[in-house]
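# Understanding the architecture of this molecule
Spelled out, the chains give:
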Amino acid sequence: MMDERTFRKAMGKFATGVTVITTEAEGVIHGMTANAFMSVSLSPMLVVVSIGGRAQMLSKIKQSQKFAVNILAADQQELSMIFAGQIKDKRDVEFSRLADLPVIDGALAQVVCEVVNEHVEGDHTLFIGKVIDLFVQEEGEPLLYVNGQYR
Ligand code: FAD
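Bear in mind the structure is a predicted one, so any value in this text is a computation, not a measurement.

## Regarding the pairing of strand S3 (residues 28-34)
- Counting buried positions over the seven residues of S3 gives five, a clear majority of the element.
- Bridge count between strand S2 (residues 19-25) and S3: seven bridges; the pairing is antiparallel. Across the sheet, residue Ile21 finds its bridge partner in S3, namely Met32.

Rendered as structure tokens:
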């Protein structure tokens, strides 16, 4: 049966890591949980993120033309829930800085990008980011997501 629910279910079988995308527009830091992330090219170093048409993040990245991808560690499920709106009450989150963008401490990797291309596809927008700075934490296990659940 080819309905939306079945499509979601099928895509949920693809196990992923979890990222929080961060950016700053007009002095305001915004974060959003995303697993629609992949590396695109090694030379030059490019990545892609896919942002839903209704997400606040869409206009934020359009404004800033920059974003950071923070690949979450296994002990950062709460941060994922905060930035996905799964925890409703507002929380104060501390950010560090990398290449002048806010990034999340304790993430396994922080990938800072400037937008080099933008493609509207259906109800999402794909942003191609050129990597301008990187931080990698050698130790630690990743947070995983599969079948709509954290692992
Ligand atoms: P909001 O809904 O306004 O913000 C998200 C949450 O982050 C709010 O609770 C807000 O309080 C909090 N927040 C934002 N900035 C700060 C800050 N500076 N300090 C403290 N808290 C802050 N959506 C996609 O479009 N693409 C994806 O790839 C994607 N993958 C997902 C993967 C997973 C595992 C999950 C659980 C969700 C995913 N989503 C994805 C859904 C997306 O995370 C939510 O729809 C999200 O709420 C959209 O965020 P928003 O930009 O509209 O901002």
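## Observations concerning the sheet that holds strand S12 (residues 149-150)
- The three strands are arranged S1-S11-S12 in an open sheet whose pairing can be described as antiparallel. At either end of the open sheet lies a strand with only one pairing partner, and these are strand S1 (16-17) and S12.
- Here S1 runs beside strand S11 (residues 144-146); their pairing, made up of two bridges, is antiparallel. Paired with Gly17 across the strands is Leu144, a residue of S11.

## Thoughts on the sheet that holds strand S4 (residues 37-41)
- Pairing is antiparallel in the open sheet, where seven strands are placed in the order S3-S2-S6-S9-S10-S5-S4. The open sheet has two free edges, formed respectively by S3 and S4, since each of these has just one partner strand. For this sheet, the mean inter-axis angle between neighbouring strands, taken without regard to orientation, is 35°.
- Against the sheet, helix H2 (residues 56-64) makes contact with S2, S3, strand S5 (46-52), strand S6 (66-71), strand S9 (109-121) and strand S10 (124-136), and its axis sits at roughly 55° relative to S2, the strand it touches most.

## Some thoughts on the nonpolar core
- Counting 16 residues, the largest nonpolar core has Ile21, Val49, Ile51, Ile61, Phe67 and Phe127 as its most contacted members.
- Elements supplying a minimum of two residues to this core: S3, S5, H2, S6, S9 and S10.
- Excluding residues that lie within four positions of it along the chain, Val49 makes contacts with Ile21, Ala36, Phe37, Phe67, Val69, Thr125, Leu126 and Phe127.

## A closer look at the environment of Arg91
- Within the secondary structure, Arg91 is located in the loop between helix H3 (77-83) and strand S7 (96-98).
- C-alpha of Arg91 to C-alpha of Thr16: the two residues are 75 residues apart in sequence and 25 Å apart in space.
- Of note is the side chain of Arg91, whose polar atom sits 3.2 Å from the side chain of Asp89.

## Digging into the site of the ligand
- His30, Thr33, Ser50, Gly52 and Gln56 are the nearest of the 26 residues found near the ligand.
- Backbone polar atom of Gly52 to an oxygen atom of the ligand: 2.8 Å apart, as the coordinates give it.
- Breaking the shell around the ligand down by element, the ones donating at least two residues are S3, S5, H2 and H3.
- Here the element with the most residues in the shell around the ligand is S3; it accounts for six residues.
- When grouped by side-chain class, the residues that make up the shell around the ligand number 14 nonpolar, 10 polar and two charged.

Cut-off values and rules
Residues numbered from 1 in each chain as written. Predicted model: local features only at pLDDT ≥ 70, side-chain atom pairs only at ≥ 80, totals over all residues. Heavy atoms only, no water. Buried < 20%, exposed > 50% of the residue type's maximum accessible area, 1.4 Å probe, protein only. Helix = DSSP H or I, 4+ residues; strand = E, 2+ residues; numbered from the N terminus. Pairing = 2+ DSSP bridges. Axes fitted to C-alpha atoms, helices over the stretch in contact; angles between N-to-C directions. Contact = heavy atoms within 4.5 Å. Core = buried A, V, L, I, M, F, W, Y, C linked by side-chain atoms within 4.5 Å. Polar contact = N/O pair within 3.5 Å; in protein donor to acceptor, adjacent residues only side chain to side chain. Near = heavy atom within 4 Å. Nonpolar A, V, L, I, M, F, W, Y, C, P; charged D, E, K, R; others polar.

That's the geometry; what it means functionally is another story.
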